[in-house]
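Per-entry structural report
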Amino acid sequence: MSKTLIRGARVLGGEPQDVLIEDGTVAAVGDGPDTAARADGATVIEAAGRILLPGLVDLHTHLREPGREDSETVRTGTRAAARGGYTAVHAMANTFPVADTAGVVEQVWRLGREAGYCDVQPVGAVTVGLEGKQLAELGAMHESAAAVTVFSDDGKCVDDAVIMRRALEYVKAFDGVIAQHAQEPRLTEGAQMNEGPVSAELGLAGWPAVAEESVIARDVLLAAHVGSRVHICHLSTAGSVEIVRWAKSRGMPVTAEVTPHHLLLTDELVRSYDPVYKVNPPLRTEADVRALREALADGTIDVVATDHAPHPQEDKDCEWAAAAMGMVGLETALSVVQHAMVDTGLLDWAGVAERMSFRPARIGRLPGQGRPVAAGEPANLTLWDPGHRSPVEPSAFASRSRNTPYRGMELPGRVTHTFLRGRATVSDGALTDGAAA
């Protein structure tokens, strides 16, 4: 494999350094004579002013394949991930057929390897068919080639406390984690948006914060009782933050994620009745956004996860009540985080690396991902230009779908290069051809 020298990049936002990539690993970091000597013959990337981060890791991606290839495929979704700076994604289980067997998770895993744009780690379903009645083949999925360790019925809540307890007990044997979509179904029946003054004015059925908070409270207590790990998907309310903060203060085994859109957008946008803003959980209030940002900054919320949810145009270009829920997010996530967290002084770039690479890799048990930018480590890297500014143009996305809430919004930053084990999947902002990973 050819050598690449990244010259003058700010590693994790620090002082400019040279980074040499050779044979899939970081060979040297620093601008000393050893780096210069070893870099002879290397391809040089002039990276002055750019930030070098470990490759991003997403704990929550919908790739839709098998079954909804009109929305996304593993190939198009991982191309979008690479464009966003991701070197690993966790593919959620709500496909058709559902990823509730070893055969389906292995299919998704192999499709990811064939595409070659980032590592694809399947998430297995907790229950058969996401129906919440019977545990899926958790052990078989873990023992498969895909080595599944994260399980979720995302899109639906595991609302039966007995089933949830049994799942937590089962995965404890191999240090797995149950990722809960916290939504009490009876409290959200027919819900269309966040319950509050805006829903009352618009006459749309409200989605109360307590529907999320009550499930989180139950599940952190169950996890503590069993001594097993629970991860809270797309946490969205100030009350949920306080429950997770309380649980962590008592040493309960809980982690949580927040999406970029919940760090930036509010339910005021629903006044437009544009279904692009319809998402699960719904956009909340400005007070919730402030609480989520503060919780991400202080570590109460562990990670940023995209909840990349692609839909074909016809599923969004319709009346609000009939529209599908969800937004694409892989290609805009880092820009939104810079805008909401870095440019506001709430996080530095080392903090971004912790929340978008190191921690999600640890939670998802991906040993080759989320590693320091240091000699001897795998060269899974993202080179970011924080000074770039441009309006979001969905037609330029690598994703098959265009349902972004940021159309026309000027957001900061751009991925110039993404490296997967030393091989450029994105170079000068453009996707490469891809190859077997």
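Structure: see above.
Throughout this description, residue numbers start from 1 for each chain and increase along the sequence as written. A pLDDT threshold of at least 70 governs which residues receive local features in this predicted model, and a stricter bar of 80 or more applies before side-chain atom pairs are shown or counted, although totals over entire chains, interfaces and linings include all residues. Note that the side-chain values use all heavy atoms of the structure and ignore hydrogens as well as water.

**A short note on the overall build of the chain**
The condition that has to hold: Counting from the N terminus, the helices are DSSP H or I runs at least four residues long and the strands are E runs at least two residues long. Using C-alpha atoms as the atom set, the radius of gyration is obtained and then compared with a globule rule of 2.2 Å times the number of residues to the power 0.38. Throughout, exposure labels follow a simple rule: accessible area from a 1.4 Å probe, protein chains only, divided by the maximum for the residue type, with under 20% read as buried, over 50% as exposed, and the rest as partly exposed. Residues scored as charged are limited to Lys and Arg (positive) and Asp and Glu (negative), so that His and the chain ends carry no count. Here the site of a charge means NZ on Lys, CZ on Arg, CG on Asp, or CD on Glu.
Counting secondary structure elements, the chain contains 12 helices and 19 strands. Here the C-alpha radius of gyration of the chain, 21 Å, is about what a compact globule of 437 residues would show, namely 22 Å. Taking the principal axes of the C-alpha coordinates as reference, the chain spans close to 65 × 45 × 45 Å. Looking at the chain as a whole, 61% of its 437 residues qualify as buried. Taking the average location of the 41 positive side-chain charges in the chain and that of its 58 negative ones, the two points are 2 Å from each other.

**Structural notes on the packing of helix α7 (residues 209-226) against helix α8 (residues 238-249)**
The condition is simple: In this analysis, axes come from line fits to C-alpha atoms, helices being fitted only over the stretch in contact, and the angle between any two N-to-C directions falls in the range 0 to 180 degrees. Just so you know how the angles are binned, under 35 degrees is roughly parallel, over 145 roughly antiparallel, 65 to 115 roughly perpendicular, and the rest oblique. Every residue pair with non-hydrogen atoms within 4.5 Å of one another is taken to be in contact.
Interhelical geometry of α7 versus α8 gives an angle of 10° and a closest axis separation of 9 Å. Taken together, α7 and α8 sit at an angle that is classed as roughly parallel. Where α7 abuts α8, its residues E212, E213, I216, A217, V220 and L221 lie against G239, S240, I243, V244, W246 and A247.

**Some points on the pairing of strand β3 (residues 25-29)**
To be explicit about the condition: We treat two strands as partners when DSSP finds at least two bridges between them.
By the bridge criterion, four bridges tie strand β2 (residues 16-22) to β3 in an arrangement that is antiparallel. Bridge pairing in β3 links E22 to T25. Connecting β2 to the next strand, β3, in antiparallel fashion are two residues, including D23 with a positive phi near 55°.

**Points about the packing of helix α11 (residues 333-342) against helix α12 (residues 349-363)**
To be explicit about the condition: Crossing handedness is read from the near helix: turned anticlockwise from the far helix by less than a right angle, it gives a left-handed crossing, and turned clockwise, a right-handed one. Amino acids outside the nonpolar list (Ala, Val, Leu, Ile, Met, Phe, Trp, Tyr, Cys, Pro) and the charged list (Asp, Glu, Lys, Arg) are all regarded as polar, and Gly is one of them.
Contact pair α11 / α12: the axes reach a minimum separation of 11 Å and the direction vectors enclose 130°. By the angle between their directions, the pair α11 and α12 is classed as oblique. Taken as a pair, α11 and α12 cross one another with a handedness that is right-handed. Here A333, L334, V337, Q338 and V342 of α11 come into contact with α12, specifically with W349, V352 and M356. Taken together, the residues of the contact of α11 with α12 sort by class into seven nonpolar, one polar and no charged.

**Considering the nonpolar core**
Test applied: The set of buried Ala, Val, Leu, Ile, Met, Phe, Trp, Tyr and Cys residues whose side-chain atoms join them within 4.5 Å is what this entry labels a nonpolar core.
Counting residues in hydrophobic clusters, the biggest one holds 81 residues, and the most contacted among them are F151 and M356. Apart from the residues within four sequence positions on either side, F151 is in contact with V123, G124, A125, V126, L138, M141, V171, F174, V177, I178 and A179.

**Describing the side chain of E65**
Counted only if it meets this: In the sections that follow, a salt bridge refers to a side-chain nitrogen of Lys or Arg positioned within 4 Å of a carboxyl oxygen of Asp or Glu. Within 3.5 Å is the distance limit for a polar contact, defined as a pair of N or O atoms, with the added protein rule that one can donate a hydrogen and the other accept it, and that residues adjacent in sequence qualify only through two side-chain atoms.
Looking at the element boundaries, E65 is found in the loop between β6 (56-61) and α2 (74-83). Buried within the structure, E65 lacks any salt-bridge partner; its nearest side chain of opposite charge belongs to R400, at an N-O separation of 7.9 Å. At a separation of 2.9 Å, a polar atom in the side chain of E65 contacts the main-chain amide nitrogen of V74. Aside from chain neighbours lying at most four places away, what touches E65 is E72, T73, V74, T95, V108 and L111.

**Topic: the pairing of strand β16 (residues 381-391)**
Each regular strand displays side chains that alternate between the two surfaces of the sheet. As judged from the four bridges shared by strand β5 (residues 51-54) and β16, these two strands associate in the antiparallel manner. Within β16, the residue paired with P54 across the bridge is L381.

**What about the pattern of salt bridges?**
Enumeration according to the criterion identifies 18 salt bridges in this entry. Between K248 and D302 there is a salt bridge, with its nearest N and O atoms 2.7 Å apart. Here K248 is found in helix α8, whereas its partner D302 is found in the loop between α9 (286-298) and β15 (303-304), with 54 residues between them in sequence. Among the charged side chains, a salt-bridge network with shared partners connects R68, D70 and D315.

**Here we look at α7**
We count it as follows: How far a helix is expected to stretch is found by multiplying one less than its residue total by 1.5 Å.
Over its 18 residues, α7 runs 26 Å from end to end, which matches the ideal 26 Å to within 8%, given 1.5 Å per residue. Every buried residue belonging to α7 is among A211, E212, E213, V215, I216, D219, V220, L222, A223 and V226, and all of these are buried. Residues of α7 that are buried make contact with α5 (161-172), β10 (177-180), β13 (229-232), α8 and β14 (254-258). Within two residues after α7, G227 carries a phi angle of roughly 80°, on the positive side.

**Description of the sheet that holds strand β8 (residues 119-122)**
One key point about sheets: their strands pair by backbone hydrogen bonds, in either a parallel or an antiparallel sense. Spatial strand order, β6-β7-β8: three strands in an open sheet with parallel pairing. Either end of the sheet is taken by a strand with one partner, and the two such strands are β6 and β8. Taken pair by pair, the neighbouring strands of this sheet meet at an average axis angle of 20°, ignoring direction. Contacts from helix α3 (residues 102-115) reach β7 (86-91) and β8 within the one sheet, and its direction differs from that of β8 by about 175°.

**So, the sheet that holds β15**
Pairing within the open sheet is parallel, and its five strands lie in the order β9-β10-β13-β14-β15. A strand with exactly one partner marks an edge of an open sheet, and here the two such strands are β9 (150-151) and β15. Across two bridges, the pairing between β9 and β10 is parallel. Bridge pairing in β10 links F151 to I178.

**Notes on the environment of R64**
Along the polypeptide, R64 turns up in the loop between β6 and α2. Sequence separation between R64 and A309 is 245 residues, and the spatial gap between their C-alpha atoms is 8.5 Å. In this structure the side chain of R64 is engaged in a polar contact, spanning 3.0 Å, whose partner is the backbone oxygen of P310.

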